[in-house]
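Letter by letter, the chains look like this.
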Amino acid sequence: MRIVLVGPPGAGKGTQAAYLAKNLSIPHISTGDLFRANISQGTELGKQAKAYMDAGDLVPDEVTIGMAEDRLDQSDAAGGFLLDGFPRNVGQAQALDAYLAAHGIRLDGVLDLEVPEDEVVKRIAGRRVCRNDSAHVFHVEYNQPEAAGVCDVCGGELYQRPDDAEDKVRNRLDVYHRETEPIIDYYKQQGLVQTIPALGKVAEVTQRAMDALRREA
Ligand SMILES: [Zn+2]
């Protein structure tokens, strides 16, 4: 299956992508991993991306599209893939369509993870991370530590990462609405979109997504 996963920050997209890819035995291709791999391997595209990032500029679509196409060309993606974070705007979606058409293939579905906006803000802004180990993550409401502000695992101090502050989260949501949400309409015109309510337990959301894909198949 060839799937695109879309959803606002805080929808649990990375987690769902990992589970779905495993269930479907297809590679999980995330933009974050693409950038990391290209930069650490020193590919031409990786060097270009790094130069933009070091200058504090956005990486142009051509660079991101090039990395995605190189990844899709690899043999493990021949039988299917799950894209997470790409495409992130309509231009990238059009480029992906052109790539797929050139290879005589098409997407099987686009999963749109839906979470109420206030819930996204609550989820992210309530996160507290341990200063000793960023894998020790708590939440002021959903996953409270035994003592407020203290890590249960190691006793370290818990803090809110600057990126998790409410105004930063609202900014990221604005960017999502403006740039990424239009691809949902773009794919709706192709009849590809399945909306998945993303509230509830991780396993329940995965099940909803699997059921939607089964209907699609
Ligand atoms: Zn800790």
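Because the structure is predicted, anything quoted here is derived from the model rather than measured.

## Some thoughts on the UniProt feature "domain: Adenylate kinase active site lid" (unreviewed entry) in the protein
Alright, step 1. Here the UniProt feature "domain: Adenylate kinase active site lid" (unreviewed entry) sits at residues 127-163.
Alright, step 2. Across residues 127-163 one finds 0% helix and 24% strand; the C-alpha atoms that close the span lie 11 Å apart.

## Structural notes on helix 6 (residues 117-125)
Alright, step 1. Among the residues making up helix 6, those that are buried are Glu-119, Val-120, Val-121, Ile-124 and Ala-125.
Alright, step 2. Where helix 6 is buried, its residues contact strand 5 (127-130) and helix 7 (166-180).

## Some points on the sheet that holds strand 6 (residues 137-139)
Alright, step 1. Spatially, 6-5-7 is the arrangement adopted by the three strands of the open sheet, whose pairing is antiparallel. Two strands bound the open sheet, and with one partner strand each, they are strand 6 and strand 7 (158-159).
Alright, step 2. Contacting strand 5 and strand 6, helix 6 runs over the sheet at an angle of about 20° to strand 5.

## Describing the UniProt feature "binding site: ATP" (unreviewed entry) in the protein
Alright, step 1. Listed under "binding site: ATP" (unreviewed entry) in the UniProt record, and renumbered for this structure, are Gly-10, Ala-11, Gly-12, Lys-13, Gly-14, Thr-15, Arg-127, Val-137, Phe-138 and Gly-200. None of the other annotated residues line the largest pocket; only Gly-10, Ala-11, Gly-12, Lys-13, Gly-14 and Thr-15 do.
Alright, step 2. Relative to the assigned elements, Gly-12 resides in the loop between strand 1 (2-6) and helix 1 (13-24).
Alright, step 3. The exposure class assigned to Gly-12 is partly exposed, which follows from its relative accessible area of 29%.
Alright, step 4. Apart from the residues lying within four places of it in its own chain, the contact partners of Gly-12 are Leu-113 and Arg-123.
Alright, step 5. Within the secondary structure layout, Val-137 lies in strand 6.
Alright, step 6. Classification of Val-137 as partly exposed rests on a relative accessible area of 34%.

## Some details on the sheet that holds strand 2 (residues 28-30)
Alright, step 1. Pairing is parallel across the open sheet formed by five strands, whose spatial order is 2-3-1-4-8. Because the sheet does not close on itself, it has two edges, and the strands there are strand 2 and strand 8 (193-197). Strand after strand, the sheet turns through a mean of 25° between neighbouring axes, direction not considered.
Alright, step 2. Here five bridges tie strand 4 (residues 109-114) to strand 8, and the two strands are oriented parallel to one another. Among the inter-strand pairings, Leu-111 is bridged to a residue of strand 8, identified as Gln-194.

## A few points about the nonpolar core
Alright, step 1. Judged by nonpolar contacts, the single largest core of 31 residues is most densely connected at Val-4, Phe-81, Leu-83, Leu-96, Leu-107, Val-110 and Tyr-187.
Alright, step 2. At the level of secondary structure, the elements contributing two or more residues to this core comprise strand 1, helix 2 (31-40), helix 3 (44-54), helix 4 (61-72), strand 3 (81-84), helix 5 (90-102) and helix 8 (182-188).
Alright, step 3. Among residues more than four places away in sequence, those in contact with Leu-83 are Ile-3, Val-4, Leu-5, Ile-29, Leu-72 and Leu-96.
Alright, step 4. Judged by nonpolar contacts, the second largest core, of 24 residues, contains Leu-5, Val-115, Ala-198 and Met-210.

## Some thoughts on the layout of surface pockets
Alright, step 1. Size it by volume and the largest pocket reaches roughly 1100 Å³.
Alright, step 2. Taken together, the elements giving at least two residues each to the lining of the largest pocket come down to strand 1, helix 1, strand 2, helix 2, helix 4 and helix 7.
Alright, step 3. Of the residues contributing to the lining of the largest pocket, the split by class is eleven nonpolar, 13 polar and nine charged.
Alright, step 4. Considering only enclosed or pocket space, the second largest pocket measures out at about 440 Å³ in volume.

## Focus on the packing of aromatic side chains
Alright, step 1. Counting across every chain of the model gives one aromatic pair.
Alright, step 2. On the numbers, 5.3 Å between centres and 75° between planes, the contact of Tyr-186 with Tyr-187 is edge-to-face.
Alright, step 3. On the basis of relative accessibility, which here comes to 16%, the residue Tyr-186 falls in the buried class.
Alright, step 4. Among the residues examined, Tyr-187 registers a relative accessible area of 0% and is labelled buried.

Rules of the game
Residues numbered from 1 in each chain as written. Predicted model: local features only at pLDDT ≥ 70, side-chain atom pairs only at ≥ 80, totals over all residues. Heavy atoms only, no water. UniProt positions renumbered as here; feature names shortened; annotations may be inferred. Helix = DSSP H or I, 4+ residues; strand = E, 2+ residues; numbered from the N terminus. Buried < 20%, exposed > 50% of the residue type's maximum accessible area, 1.4 Å probe, protein only. Contact = heavy atoms within 4.5 Å. Pairing = 2+ DSSP bridges. Axes fitted to C-alpha atoms, helices over the stretch in contact; angles between N-to-C directions. 1 Å grid on protein atoms, 1.4 Å probe; cavity = no way out; pocket = protein on both sides within 12 Å on 5 of 7 lines; lining within 4 Å. Core = buried A, V, L, I, M, F, W, Y, C linked by side-chain atoms within 4.5 Å. Points joined across faces, edges and corners; volume = space filled by probe spheres on them. Nonpolar A, V, L, I, M, F, W, Y, C, P; charged D, E, K, R; others polar. Phe/Tyr/Trp six-rings, centres within 6.5 Å; stacked < 30°, edge-to-face > 60°.

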